[in-house]
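In case you want the letters, here they are:
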Amino acid sequence: MARRVREQRPSSPASWEERFWRAALLASCVLGFGFLIVPIFAVLPISFSSGSTLGYPLPGFSLRWYAEIFSPRPWGMTLTNSLIIAAATTVLATILGTLAAYWLTVSEFRYKKLLVAFLLAPMVVPLVILALAFYFAFSQIGIRGTYLSLIVAHSVLATPFVIVTVTATMSGFDGNLVRAGQSLGASPLPVFREITLPLIMPGVLAGAVFAFMTSFDEVVVALFISSPTTKTLPIELFAQLREQLTPAIVAISSLLIVFSVTTLGLAQFVRSRGQLKRGEK
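Residues numbered from 1 in each chain as written. Predicted model: local features only at pLDDT ≥ 70, side-chain atom pairs only at ≥ 80, totals over all residues. Heavy atoms only, no water.

Caption draft 1: Region of interest: the packing of aromatic side chains. Counted according to the given criterion, the structure contains 6 aromatic pairs. A centroid spacing of 5.3 Å and a plane angle of 75° characterise the contact between phenylalanine 20 and tryptophan 21, whose relative ring orientation is edge-to-face. Aromatic side chains phenylalanine 48 and tyrosine 66 sit 5.2 Å apart centroid to centroid with 35° between the ring planes, which places their arrangement in the tilted category. With phenylalanine 48 in the loop between α2 (16-43) and α3 (64-68) and tyrosine 66 in helix α3, this residue pair connects regions lying 18 residues apart in the sequence. Residue class for tyrosine 66 comes out buried when judged on its relative accessible area of 15%. Linked through ring pairs, Phe48, Phe61 and Tyr66 together constitute an aromatic cluster. Positioned over the ring face of tryptophan 65 is arginine 64, at 4.1 Å from the centre of the ring. (Phe/Tyr/Trp six-rings, centres within 6.5 Å; stacked < 30°, edge-to-face > 60°. Helix = DSSP H or I, 4+ residues; strand = E, 2+ residues; numbered from the N terminus. Buried < 20%, exposed > 50% of the residue type's maximum accessible area, 1.4 Å probe, protein only. Lys NZ or Arg CZ within 6 Å of the ring centre and 35° of its normal.)

Caption draft 2: Broad picture of the packing of helix α6 (residues 127-141) against helix α7 (residues 147-169). At their nearest, the axes of α6 and α7 sit 11 Å apart, and the two run at 145° to each other. Between α6 and α7 lies a crossing of right-handed hand. In this structure, α6 contributes Leu127, Leu130, Phe134 and Phe138 to the contact, and α7 contributes Ser149, Val152, Ala153, Val156 and Leu157. A per-class count over the contact of α6 with α7 returns 8 nonpolar, 1 polar and no charged. (Axes fitted to C-alpha atoms, helices over the stretch in contact; angles between N-to-C directions. Left-handed = near helix turned anticlockwise from the far one by under 90°. Contact = heavy atoms within 4.5 Å. Nonpolar A, V, L, I, M, F, W, Y, C, P; charged D, E, K, R; others polar.)

Written out as C-alpha coordinates, the structure is:
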(Lines give C-alpha, C1' and ligand atoms only; values in the text may rest on other atoms or scores of the structure.)
Protein backbone atom coordinates (compact mmCIF):
# COMPACT_ATOMS: atom_id res chain seq x y z
CA MET A 1 0.00 0.00 0.00
CA ALA A 2 2.78 2.42 0.92
CA ARG A 3 4.56 1.55 -2.31
CA ARG A 4 1.45 2.43 -4.32
CA VAL A 5 1.15 5.77 -2.54
CA ARG A 6 4.77 6.58 -3.36
CA GLU A 7 4.19 5.73 -7.03
CA GLN A 8 1.17 8.04 -7.21
CA ARG A 9 2.96 10.93 -5.49
CA PRO A 10 3.63 13.78 -7.98
CA SER A 11 7.21 14.34 -9.00
CA SER A 12 9.14 16.99 -7.12
CA PRO A 13 9.51 20.36 -8.84
CA ALA A 14 12.69 21.03 -10.75
CA SER A 15 15.56 22.38 -8.70
CA TRP A 16 16.85 25.90 -9.22
CA GLU A 17 19.88 24.51 -11.07
CA GLU A 18 17.63 22.79 -13.62
CA ARG A 19 15.49 25.90 -14.05
CA PHE A 20 18.62 28.01 -14.47
CA TRP A 21 20.09 25.80 -17.21
CA ARG A 22 16.75 25.58 -19.00
CA ALA A 23 16.48 29.37 -18.97
CA ALA A 24 20.09 29.68 -20.14
CA LEU A 25 19.45 27.24 -22.99
CA LEU A 26 16.32 29.10 -24.04
CA ALA A 27 18.13 32.46 -23.90
CA SER A 28 21.03 31.15 -25.99
CA CYS A 29 18.62 29.77 -28.60
CA VAL A 30 16.76 33.08 -28.79
CA LEU A 31 20.01 35.01 -29.14
CA GLY A 32 21.28 32.62 -31.81
CA PHE A 33 18.11 32.83 -33.89
CA GLY A 34 18.03 36.58 -33.40
CA PHE A 35 21.62 36.90 -34.59
CA LEU A 36 20.68 35.05 -37.79
CA ILE A 37 17.24 36.54 -38.48
CA VAL A 38 17.37 40.16 -37.28
CA PRO A 39 19.86 41.30 -39.99
CA ILE A 40 17.49 39.96 -42.65
CA PHE A 41 14.55 41.96 -41.32
CA ALA A 42 16.80 45.00 -40.93
CA VAL A 43 17.67 44.96 -44.65
CA LEU A 44 14.24 44.11 -46.10
CA PRO A 45 12.77 47.65 -45.70
CA ILE A 46 15.47 48.99 -48.04
CA SER A 47 13.74 47.16 -50.92
CA PHE A 48 10.86 49.66 -50.57
CA SER A 49 13.15 52.69 -50.74
CA SER A 50 12.54 55.38 -53.34
CA GLY A 51 16.25 56.18 -53.41
CA SER A 52 19.04 54.56 -55.41
CA THR A 53 21.40 53.64 -52.59
CA LEU A 54 21.45 51.09 -49.80
CA GLY A 55 21.13 52.82 -46.46
CA TYR A 56 19.03 54.48 -43.82
CA PRO A 57 17.08 56.67 -43.42
CA LEU A 58 14.82 55.86 -46.36
CA PRO A 59 14.04 58.90 -48.52
CA GLY A 60 10.56 57.56 -49.24
CA PHE A 61 8.39 54.53 -49.97
CA SER A 62 8.31 53.07 -53.47
CA LEU A 63 7.77 49.79 -55.34
CA ARG A 64 10.00 50.81 -58.25
CA TRP A 65 12.65 48.20 -57.45
CA TYR A 66 10.10 45.37 -57.41
CA ALA A 67 8.87 46.59 -60.79
CA GLU A 68 12.46 46.66 -62.08
CA ILE A 69 13.20 43.04 -61.21
CA PHE A 70 10.38 41.95 -63.54
CA SER A 71 11.84 43.87 -66.46
CA PRO A 72 13.01 41.70 -69.41
CA ARG A 73 16.71 42.43 -68.83
CA PRO A 74 18.62 41.53 -66.87
CA TRP A 75 16.38 40.11 -64.15
CA GLY A 76 13.57 38.71 -66.32
CA MET A 77 15.88 36.67 -68.55
CA THR A 78 17.92 35.25 -65.68
CA LEU A 79 14.79 34.43 -63.67
CA THR A 80 13.36 32.56 -66.65
CA ASN A 81 16.60 30.63 -67.09
CA SER A 82 16.67 29.68 -63.40
CA LEU A 83 13.06 28.47 -63.47
CA ILE A 84 13.61 26.38 -66.61
CA ILE A 85 16.80 24.79 -65.29
CA ALA A 86 15.39 24.22 -61.81
CA ALA A 87 12.18 22.64 -63.14
CA ALA A 88 14.06 20.24 -65.44
CA THR A 89 16.53 19.45 -62.65
CA THR A 90 13.66 18.70 -60.27
CA VAL A 91 12.09 16.19 -62.65
CA LEU A 92 15.37 14.42 -63.46
CA ALA A 93 16.77 14.39 -59.92
CA THR A 94 13.47 13.25 -58.39
CA ILE A 95 13.16 10.31 -60.78
CA LEU A 96 16.79 9.21 -60.36
CA GLY A 97 16.86 9.81 -56.61
CA THR A 98 13.59 7.98 -55.97
CA LEU A 99 14.59 4.93 -58.00
CA ALA A 100 18.04 4.86 -56.36
CA ALA A 101 16.59 5.16 -52.85
CA TYR A 102 14.07 2.40 -53.53
CA TRP A 103 16.69 0.08 -54.96
CA LEU A 104 19.12 0.72 -52.11
CA THR A 105 16.39 0.07 -49.55
CA VAL A 106 15.09 -3.23 -50.91
CA SER A 107 18.42 -4.64 -52.11
CA GLU A 108 21.33 -6.15 -50.24
CA PHE A 109 24.71 -6.63 -51.89
CA ARG A 110 28.37 -6.62 -50.97
CA TYR A 111 29.42 -3.08 -51.85
CA LYS A 112 26.21 -1.33 -50.90
CA LYS A 113 27.83 1.09 -48.43
CA LEU A 114 30.49 2.03 -50.96
CA LEU A 115 27.83 2.76 -53.57
CA VAL A 116 25.83 4.87 -51.10
CA ALA A 117 28.95 6.89 -50.28
CA PHE A 118 29.56 7.43 -54.00
CA LEU A 119 25.98 8.58 -54.63
CA LEU A 120 26.05 10.99 -51.69
CA ALA A 121 29.53 12.33 -52.47
CA PRO A 122 28.26 15.53 -54.18
CA MET A 123 26.92 16.64 -50.80
CA VAL A 124 30.39 16.70 -49.24
CA VAL A 125 32.78 17.33 -52.14
CA PRO A 126 33.65 21.05 -52.44
CA LEU A 127 31.62 22.76 -55.14
CA VAL A 128 34.71 24.27 -56.74
CA ILE A 129 36.11 20.81 -57.44
CA LEU A 130 32.82 19.66 -58.93
CA ALA A 131 32.59 22.86 -60.97
CA LEU A 132 36.06 22.28 -62.47
CA ALA A 133 35.16 18.67 -63.27
CA PHE A 134 31.97 19.75 -65.01
CA TYR A 135 33.82 22.50 -66.87
CA PHE A 136 36.43 20.18 -68.39
CA ALA A 137 33.97 17.35 -69.05
CA PHE A 138 31.36 19.50 -70.76
CA SER A 139 34.02 21.37 -72.73
CA GLN A 140 35.32 18.10 -74.14
CA ILE A 141 31.91 17.02 -75.42
CA GLY A 142 30.90 20.52 -76.55
CA ILE A 143 27.85 21.21 -74.38
CA ARG A 144 29.30 23.76 -71.95
CA GLY A 145 27.15 26.86 -71.73
CA THR A 146 23.93 25.09 -72.73
CA TYR A 147 20.79 24.37 -70.75
CA LEU A 148 21.66 20.68 -70.90
CA SER A 149 24.99 21.16 -69.14
CA LEU A 150 23.40 23.12 -66.29
CA ILE A 151 20.54 20.64 -65.92
CA VAL A 152 22.92 17.67 -65.78
CA ALA A 153 25.27 19.38 -63.32
CA HIS A 154 22.46 20.54 -61.04
CA SER A 155 20.89 17.08 -61.16
CA VAL A 156 24.15 15.60 -59.90
CA LEU A 157 24.05 18.07 -57.00
CA ALA A 158 20.35 17.62 -56.24
CA THR A 159 19.94 13.84 -56.54
CA PRO A 160 21.65 13.07 -53.18
CA PHE A 161 19.08 15.24 -51.37
CA VAL A 162 16.27 13.24 -52.97
CA ILE A 163 17.97 9.97 -52.05
CA VAL A 164 18.32 10.98 -48.40
CA THR A 165 14.73 12.22 -48.16
CA VAL A 166 13.13 9.22 -49.86
CA THR A 167 15.32 6.76 -47.93
CA ALA A 168 14.20 8.33 -44.66
CA THR A 169 10.58 7.97 -45.77
CA MET A 170 11.09 4.32 -46.70
CA SER A 171 12.55 3.49 -43.29
CA GLY A 172 9.03 2.68 -42.04
CA PHE A 173 7.86 1.07 -45.27
CA ASP A 174 6.26 -2.37 -44.92
CA GLY A 175 7.90 -4.68 -47.42
CA ASN A 176 5.15 -7.26 -46.96
CA LEU A 177 2.92 -5.10 -49.15
CA VAL A 178 5.32 -5.47 -52.07
CA ARG A 179 5.64 -9.21 -51.55
CA ALA A 180 1.86 -9.53 -51.36
CA GLY A 181 1.47 -7.74 -54.68
CA GLN A 182 4.12 -9.92 -56.30
CA SER A 183 2.50 -13.08 -54.93
CA LEU A 184 -0.71 -12.08 -56.71
CA GLY A 185 1.07 -12.04 -60.05
CA ALA A 186 1.88 -8.34 -60.45
CA SER A 187 5.18 -7.42 -62.10
CA PRO A 188 7.66 -5.12 -60.29
CA LEU A 189 6.67 -1.96 -62.20
CA PRO A 190 2.92 -2.09 -61.40
CA VAL A 191 3.75 -2.97 -57.79
CA PHE A 192 5.99 0.08 -57.52
CA ARG A 193 3.47 2.34 -59.26
CA GLU A 194 0.35 1.17 -57.41
CA ILE A 195 1.70 0.27 -53.95
CA THR A 196 5.11 1.69 -53.18
CA LEU A 197 4.96 5.09 -54.84
CA PRO A 198 1.69 6.28 -53.21
CA LEU A 199 3.06 5.35 -49.77
CA ILE A 200 6.37 7.17 -50.21
CA MET A 201 4.91 10.11 -52.16
CA PRO A 202 5.35 12.60 -49.25
CA GLY A 203 9.07 11.88 -49.21
CA VAL A 204 9.26 12.12 -53.00
CA LEU A 205 7.53 15.51 -52.99
CA ALA A 206 9.79 16.77 -50.20
CA GLY A 207 12.83 15.58 -52.13
CA ALA A 208 11.53 17.36 -55.23
CA VAL A 209 11.31 20.62 -53.27
CA PHE A 210 14.89 20.24 -52.04
CA ALA A 211 16.04 19.46 -55.59
CA PHE A 212 14.34 22.58 -56.92
CA MET A 213 15.87 24.80 -54.25
CA THR A 214 19.32 23.25 -54.77
CA SER A 215 19.23 24.14 -58.46
CA PHE A 216 17.54 27.51 -58.07
CA ASP A 217 20.05 28.78 -55.48
CA GLU A 218 23.23 27.27 -56.96
CA VAL A 219 25.86 29.75 -58.14
CA VAL A 220 29.36 28.20 -58.02
CA VAL A 221 28.90 25.51 -60.67
CA ALA A 222 26.79 27.86 -62.80
CA LEU A 223 29.61 30.41 -62.84
CA PHE A 224 31.91 27.84 -64.47
CA ILE A 225 29.62 26.30 -67.10
CA SER A 226 26.98 28.92 -67.95
CA SER A 227 27.03 31.33 -70.89
CA PRO A 228 25.52 34.81 -71.41
CA THR A 229 22.36 33.22 -72.79
CA THR A 230 22.02 30.71 -69.93
CA LYS A 231 22.96 33.04 -67.08
CA THR A 232 20.93 32.25 -63.95
CA LEU A 233 19.46 34.54 -61.33
CA PRO A 234 22.11 33.85 -58.63
CA ILE A 235 24.85 34.72 -61.15
CA GLU A 236 23.16 38.02 -61.94
CA LEU A 237 22.85 38.78 -58.23
CA PHE A 238 26.55 38.06 -57.80
CA ALA A 239 27.42 40.34 -60.72
CA GLN A 240 25.22 43.15 -59.42
CA LEU A 241 26.87 42.94 -56.01
CA ARG A 242 30.26 43.54 -57.65
CA GLU A 243 29.21 46.23 -60.11
CA GLN A 244 26.42 48.31 -58.57
CA LEU A 245 24.60 48.17 -55.27
CA THR A 246 20.96 49.17 -55.73
CA PRO A 247 17.79 48.33 -53.76
CA ALA A 248 16.85 46.01 -56.64
CA ILE A 249 19.26 43.46 -55.15
CA VAL A 250 17.43 43.62 -51.83
CA ALA A 251 14.07 43.37 -53.61
CA ILE A 252 14.97 40.19 -55.46
CA SER A 253 16.59 38.79 -52.31
CA SER A 254 13.38 39.46 -50.39
CA LEU A 255 11.34 37.55 -52.95
CA LEU A 256 13.82 34.67 -52.85
CA ILE A 257 13.61 34.55 -49.04
CA VAL A 258 9.82 34.42 -49.13
CA PHE A 259 9.92 31.77 -51.85
CA SER A 260 12.47 29.62 -49.98
CA VAL A 261 10.62 29.79 -46.67
CA THR A 262 7.33 28.96 -48.38
CA THR A 263 8.67 25.96 -50.29
CA LEU A 264 10.56 24.55 -47.31
CA GLY A 265 7.48 25.00 -45.14
CA LEU A 266 5.42 23.20 -47.78
CA ALA A 267 7.93 20.35 -47.87
CA GLN A 268 7.81 19.99 -44.09
CA PHE A 269 4.01 20.06 -44.18
CA VAL A 270 3.90 17.31 -46.80
CA ARG A 271 6.31 15.15 -44.82
CA SER A 272 4.35 15.68 -41.59
CA ARG A 273 1.10 14.76 -43.30
CA GLY A 274 2.69 11.63 -44.72
CA GLN A 275 4.05 10.57 -41.33
CA LEU A 276 0.64 11.22 -39.74
CA LYS A 277 -1.12 9.08 -42.33
CA ARG A 278 1.35 6.22 -41.84
CA GLY A 279 0.85 6.52 -38.11
CA GLU A 280 -2.93 6.38 -38.48
CA LYS A 281 -2.67 3.29 -40.63
